[in-house]
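Chain by chain, the residues run as shown.
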Amino acid sequence: MLITFEGIDGCGKSTQIEMLNDYLNQKGVRFSVFREPGGTDISEKVRSLLLHETDEMDPVTELLLFSAARSQLIREKVIPLLEHNEIVILDRFYDSTTAYQGFGRNSSSLAEIQTLNKLASHNTVPDITFYLRIDPEVAKKRTEGTGKDRLESAGDEFFKKVATGYDMLASSDSRFRILDATQSPEEIHKQVIQIIGESQQ
Ligand code: TYD
């Protein structure tokens, strides 16, 4: 079972993944968590190129590097785990590419990005995608004062477009579960567990 978490920076995704991690550990469930970009040696190297380089990066280069990191993670780690019927949790997946590179940066047409997403994910589709929905203004306040990487430093307009992209994606596919990210972490966590539980019945 593949579960992905999505949302703009500051939505509280990492907190939720940690809470789910603790919960599943307590239950003795076998599962793995990976972050995107990252999760393998190659993908972590690509991550550092993407997030820490200060040089101007061409938007298509950015799109292809996120996709390259994904391809390696999915082929090397995720597919073998799914084949053994394990639960895999991804901190971001190709919906991030559609929202950030597609809607945010207009790096390429949405049709081209969809094709690339299919290729880079080796046709792997999440069973559940939790979208932690939050207004970009509210999210911005949450991330104020924290160290920002290259993408997090992009302007307000960029994040508005990314948020619109997520809203459109989430309304177009039933694998999305939209969670109000302004609720308390405990409240959101309860909903996450309930949804996962229901999907396994
Ligand atoms: P994330 O790991 O959520 O950030 P943090 O380490 O600060 O919690 O994501 C890293 C950044 O990469 C985030 O700003 C979103 C961006 N991103 C894309 O633009 N496209 C993608 O395909 C992915 C996976 C991430």
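Residues numbered from 1 in each chain as written. Predicted model: local features only at pLDDT ≥ 70, side-chain atom pairs only at ≥ 80, totals over all residues. Heavy atoms only, no water.

1. Some thoughts on the site of the ligand
Reasoning step 1: Taken together, 16 residues surround the ligand, and among them R47, R92, T97, Q101 and E152 come closest.
Reasoning step 2: Here T97 contributes a side-chain N or O atom positioned 2.5 Å from an oxygen atom of the ligand.
Reasoning step 3: Between the ligand and Q101 there is a distance of 2.8 Å, counted from a nitrogen atom to a side-chain nitrogen or oxygen.
Reasoning step 4: Against a free-state accessible area of 550 Å², the protein chains account for coverage of 89% of the ligand.
Reasoning step 5: More than half of the atoms of the ligand fall within 2 Å of the grid points belonging to the largest pocket.
Reasoning step 6: No other element matches helix 4 (residues 94-104), which puts 4 residues into the shell around the ligand.
Reasoning step 7: Its residues assigned to classes, the shell around the ligand shows 5 nonpolar, 3 polar and 8 charged. (Near = heavy atom within 4 Å. Polar contact = N/O pair within 3.5 Å; in protein donor to acceptor, adjacent residues only side chain to side chain. Areas by Shrake-Rupley, 256 points an atom, 1.4 Å probe, with all protein chains shown as cover. 1 Å grid on protein atoms, 1.4 Å probe; cavity = no way out; pocket = protein on both sides within 12 Å on 5 of 7 lines; lining within 4 Å. Sits in = over half its atoms within 2 Å of the grid points. Helix = DSSP H or I, 4+ residues; strand = E, 2+ residues; numbered from the N terminus. Nonpolar A, V, L, I, M, F, W, Y, C, P; charged D, E, K, R; others polar.)

2. Section: the layout of surface pockets
Reasoning step 1: Volume-wise, the largest pocket comes out at about 850 Å³.
Reasoning step 2: Lining the largest pocket we find 39 residues, and of these D9, G10, R92, Y100 and E152 sit closest to its centre.
Reasoning step 3: Put simply, the parts of the chain that give the lining of the largest pocket at least two residues each are helix 1 (13-27), helix 2 (41-52), helix 3 (59-83), helix 4, helix 6 (136-143) and helix 7 (156-172).
Reasoning step 4: In terms of residues, the lining of the largest pocket owes the most to one element, helix 6, which gives 6 residues.
Reasoning step 5: Partitioning the lining of the largest pocket into residue classes produces 11 nonpolar, 11 polar and 17 charged.
Reasoning step 6: Approximately 320 Å³ is the volume attributed to the second largest pocket.
Reasoning step 7: Looking at the second largest pocket, it is lined by 18 residues, and the ones nearest its centre are Y94, D95, Q114, L169 and R175.
Reasoning step 8: Contributing elements (two or more residues each) for the lining of the second largest pocket: helix 4, helix 5 (110-120) and helix 7. (Points joined across faces, edges and corners; volume = space filled by probe spheres on them.)

3. Describing helix 7
Reasoning step 1: The end-to-end C-alpha separation of helix 7 is 25 Å, in line with the 24 Å expected for 17 residues at 1.5 Å each.
Reasoning step 2: Listing the buried residues of helix 7 in full gives F158, F159, V162, A163, G165, Y166, L169 and A170. Projected onto a plane normal to the axis of helix 7, the buried residues spread over an arc of 155° and lie on a single side. Turned more than 90 degrees from where helix 7 packs its buried face, E157, S171 and S172 sit exposed.
Reasoning step 3: Looking at the buried positions of helix 7, the neighbouring elements they touch are strand 1 (2-6), helix 4, strand 4 (128-133), helix 6 and strand 5 (176-180). (Expected span 1.5 Å × (residues − 1). Buried < 20%, exposed > 50% of the residue type's maximum accessible area, 1.4 Å probe, protein only. Arc of directions from axis to C-beta. Contact = heavy atoms within 4.5 Å.)

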